[in-house]
Amino acid sequence: MKMLVSFFNRIMQRYLPDPFLFVIILTFVVFGLGLIFTDSGPYQMVQHWGGGFWGLLTFSMQMVLVLVTGHVLASSNVFKKGLGALASLAKSPGQAIIIVTVVSMIASLINWGFGLVIGALFAKELAKKVKNVDYRLLIASAYSGFIVWHGGISGSIPLTIATEGHFSQDLIGIISTDQTIFAGFNLFIILILFLVLPVVNRLMMPSKDQTVTVDPVLLENDAQAAALEQGALTPAEKLENSRIVSLLTGIFGLVFLFYYFATNGFKLNLDIVNFIFLFLGILFHGTPKRFLDAAVNAVKGASGIIIQFPFYAGIMGMMTASGLAAVMSEGFVSISNEFTFPFFAFLSAGLVNIFVPSGGGQWAVQAPVMLEAAQTLGVSIPKTAMAVAWGDAWTNLIQPFWALPALAIAGLKAKDIMGYCVLILIVSGIVISVGMLFF
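Keep in mind that this is a model prediction, so the values were computed, not measured. (Residues numbered from 1 in each chain as written. Predicted model: local features only at pLDDT ≥ 70, side-chain atom pairs only at ≥ 80, totals over all residues. Heavy atoms only, no water.)

Chemist: Pulling in residues and values, what's your account of the overall build of the chain?
Modeler: A count of helical and extended segments in the chain gives 22 helices and zero strands. In terms of overall dimensions, the chain is globule-like: its C-alpha atoms have a radius of gyration of 23 Å, near the 22 Å expected for 439 residues. For the C-alpha atoms alone, the extent of the chain along its principal axes is close to 75 × 50 × 45 Å. For the chain, the proportion of its 439 residues judged to be buried stands at 55%. Sequence-distant contacts, at least 24 apart, represent 80% of the contacts inside the chain between residues at least 6 apart. Carbon and sulfur atoms make up 67% of the accessible area of the chain, which totals about 19,000 Å². Separation between the mean location of the 22 positive side-chain charges and that of the 21 negative ones in the chain comes to 15 Å. (Helix = DSSP H or I, 4+ residues; strand = E, 2+ residues; numbered from the N terminus. Rg over C-alpha atoms; globule rule 2.2 N^0.38 Å. Buried < 20%, exposed > 50% of the residue type's maximum accessible area, 1.4 Å probe, protein only. Contact = heavy atoms within 4.5 Å. Areas by Shrake-Rupley, 256 points an atom, 1.4 Å probe, with all protein chains shown as cover. Lys, Arg positive; Asp, Glu negative; His and termini not counted. Charge placed at Lys NZ, Arg CZ, Asp CG, Glu CD.)

In structure tokens:
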């Protein structure tokens, strides 16, 4: 195990470029594949790329807010004490790796955005508390928990097909979540991953001489509450340092949250997670000035998301408008039978996800091909949908697109954790494949 980890780490450290260069390379790869496998010419592919370039603006802003509000919340004394108390449960590096994996998986089952942020923040707290724990593996373990999100209660594909008026309703009708999220095969996959992933992550711990640790002082947030200067404050400064302003603003947000959950039940989406983080951050920092100081510090890590996500939107534009994503899906369908179809649907979704890193967007592209093939072969529609969902979640492990928020919080580069993620990808792929084939 350690030899494999060492091999993958060397490969990633040597050959994996910065995430921005990765998306540029991916752009030209998709451009070339479109020319080879579709009827689109060079000029048309550029049109597809430019036409989709701004298609993720709303989502990009949501992800920036996930990072910023999560960072702000984590820098508050209340939250740091809470995570710190939980981190104190780990008494050794091995326990730290196991605990952060489990916590991240639980959080990701609740909501994928919540899981991304909480996992990385908790990993930082563990790094402060536990001596001699490998920081790279700690963050990789936190990120590995993200793999279960599409099998959880925020999974976009199962929730889409359970919603009245979804785009495939005429073909498959409404499919309730007891046939997808709470189906036996899905619960089996989640259970085995909960048992296997913490153990795998623990076994990947490097030897003491190869362990990369981090000085806990470097993990402290720079945005600390500044002491008020002596002397009379101006009216504006009094407002900036007023606890009443933050309290009233926070209460305003909490009242809306009460209304939201009373009306919708415990239904989390990215917007409501950001709303929770934002207003808890306002309350926990105590004054507007402390909150804004923390926000300024948090924004520094958001540059990768702001710059790279439009390029991924351009890639999605080429994949969908040229028909390349459908071509990939049809290739896997052509070699499938009734028994192997869920497995190949899972693999095809994993491949398409590298180029179309959006669960909802990927389903819109693959659903017409996969659902028609499933009906022709007599394969379960709910299982087909979840095969695509798990494929989408699976290759997120090696897709820097999704790792950006966690990496920004941790202060690491993609190549620092991707060696570990490759091995996790292999192990989790086996577990999911067994669930698709035999359950």
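Chemist: Account for helix H14 (residues 270-285), with residues named and values stated.
Modeler: With 16 residues, H14 ought to run about 22 Å at 1.5 Å a step, and its terminal C-alpha atoms sit 22 Å apart, in line with that. Within H14 the residues assigned to the buried category are Leu270, Ile272, Val273, Asn274, Ile276, Phe277, Phe279, Gly281, Ile282 and His285. At its buried positions, H14 is contacted by helix H4 (57-74), helix H7 (112-129), helix H13 (243-264) and helix H15 (288-299). After H14 finishes, the residue Gly286 shows a positive phi value of roughly 90°. (Expected span 1.5 Å × (residues − 1).)

Chemist: So what's going on with the packing of aromatic side chains? Which residues, and what values?
Modeler: Scanning the entire structure with this criterion turns up 25 aromatic pairs. Ring centres of Phe20 and Phe311 lie 5.6 Å apart, and the angle between their planes is 90°; this geometry places the pair in the edge-to-face category. Residue Phe20 is found in helix H2 (residues 19-37), and its partner Phe311 is found in helix H16 (residues 303-321); the two are separated by 291 residues along the sequence. The exposure class assigned to Phe20 is partly exposed, which follows from its relative accessible area of 30%. (Phe/Tyr/Trp six-rings, centres within 6.5 Å; stacked < 30°, edge-to-face > 60°.)

Chemist: Could you give an account of the side chain of Asn353, with specific residues and numbers?
Modeler: Residue position: Asn353 is located in helix H18 (residues 341-355). On the basis of relative accessibility, which here comes to 0%, the residue Asn353 falls in the buried class. In this structure, Asn353 is in contact with Ser358, Gln362, Gly391, Asp392, Thr395, Asn396 and Gln399, ignoring residues within four places of it in sequence.

Chemist: An account of unusual backbone geometry is requested, with residue identities and associated values reported.
Modeler: Phi at Asn132 takes a positive value of approximately 65°, unusual for a residue other than glycine. Note on Asn132: relative accessible area 49%, which makes it partly exposed.

Chemist: Describe in detail a nonpolar patch on the surface, supporting the description with residues and values.
Modeler: Together, Phe339, Ile426, Ile430, Val434, Phe438 and Phe439 line one region of the surface with nonpolar side chains, adding up to about 590 Å² of accessible area. Since its relative accessible area comes to 55%, Phe438 is described here as exposed. (Patch = residues over 30% accessible without salt bridge, like charges linked within 9 Å, V, L, I, M, F, W, Y side chains within 5 Å. Salt bridge = Lys/Arg side-chain N within 4 Å of Asp/Glu carboxyl O.)

Functional significance is not addressed by these values, which are geometric in nature.
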